[in-house]
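Commentary on secondary and tertiary structure
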Amino acid sequence: MDVRTGIGYDVHAFGPGDAVVLNGIPIPHSRSLKGHSDADVAMHAITDAIFGALAEGDIGQWFPPSEPAWKGAASHIFLTKAVERAAARGFRISNIDCTIICEHPKIGPYAAAMRANLANLLKLEEDRISVKATTSERLGFTGREEGIAATATATLIAP
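The following refers to the structure shown. Model, not experiment: these values are computed from the prediction.

Quick look at the overall build of the protein now. Scanning the protein for helices and strands turns up five helices and seven strands. Seen in sequence order, the protein has helices and strands lined up from the N terminus as β-β-β-β-α-α-α-β-α-β-α-β. For 159 residues, the compact-globule formula gives about 15 Å, and the C-alpha radius of gyration of the protein, at 15 Å, lands near that figure. For the protein, the spread of C-alpha atoms along the principal axes amounts to about 45 × 35 × 25 Å. Across the 159 residues that make up the protein, the buried fraction comes to 48%.

Relative to the helices and strands, A133 resides in strand β6 (residues 129-134). A relative accessible area of 42% places A133 in the partly exposed class. Counting along the chain gives 85 residues from A133 to D48, while the straight-line C-alpha distance between them is 18 Å. Ignoring sequence-local partners within four residues, the contact set of A133 consists of I100 and I107.

Further remarks concern the nonpolar core. One finds L22, I50, L79, I100, L122, I148 and L156 to be the most contacted residues of the largest nonpolar core, which totals 48 residues. Contributing elements (two or more residues each) for this core: β2 (19-22), β3 (25-28), α1 (41-53), α3 (76-88), β5 (92-101), α4 (111-122), β6 and β7 (147-158). Looking at this core, the element that brings in the most residues is α1, giving nine residues. Not counting residues within four places of it along the chain, the set of residues in contact with I50 comprises L79, A82, V83, A86, I93, I96, L122, A154 and L156.

Conventions used here
- Residues numbered from 1 in each chain as written.
- Predicted model: local features only at pLDDT ≥ 70, side-chain atom pairs only at ≥ 80, totals over all residues.
- Heavy atoms only, no water.
- Helix = DSSP H or I, 4+ residues; strand = E, 2+ residues; numbered from the N terminus.
- Rg over C-alpha atoms; globule rule 2.2 N^0.38 Å.
- Buried < 20%, exposed > 50% of the residue type's maximum accessible area, 1.4 Å probe, protein only.
- Contact = heavy atoms within 4.5 Å.
- Core = buried A, V, L, I, M, F, W, Y, C linked by side-chain atoms within 4.5 Å.

Laid out in structure tokens, this is it:
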């Protein structure tokens, strides 16, 4: 059995707007996240974790921000590609663990919807997906509410 683990990390700054998208779920907020795509920091971290487990680079190599085709793109496109690459290499995703780091918005009320959305995209049972949040105790850029960070791990298994 081949077991691989990848780690992903992403960060996006706040900009003008009225909602953030995290793991594909829009969350009302006083600002939005800035980025070349939809700036879904959590889904980007998960995508990077899967590519990392495969040793196939990162999201920026697969979907360069310099390419206009990815301007405003929905992050599920990136995640779906990572899942397809895993399957093409004979791997199945065993579990995903995602931590969103921010002071606001509060993630708890949306975590179940995020898990359900990820389960659908990943073709994985919800009990194999963890979405949680923490603050940075008002320290650093997330503590100053300048943006949101996310980390993720992905475990892939091939028979």
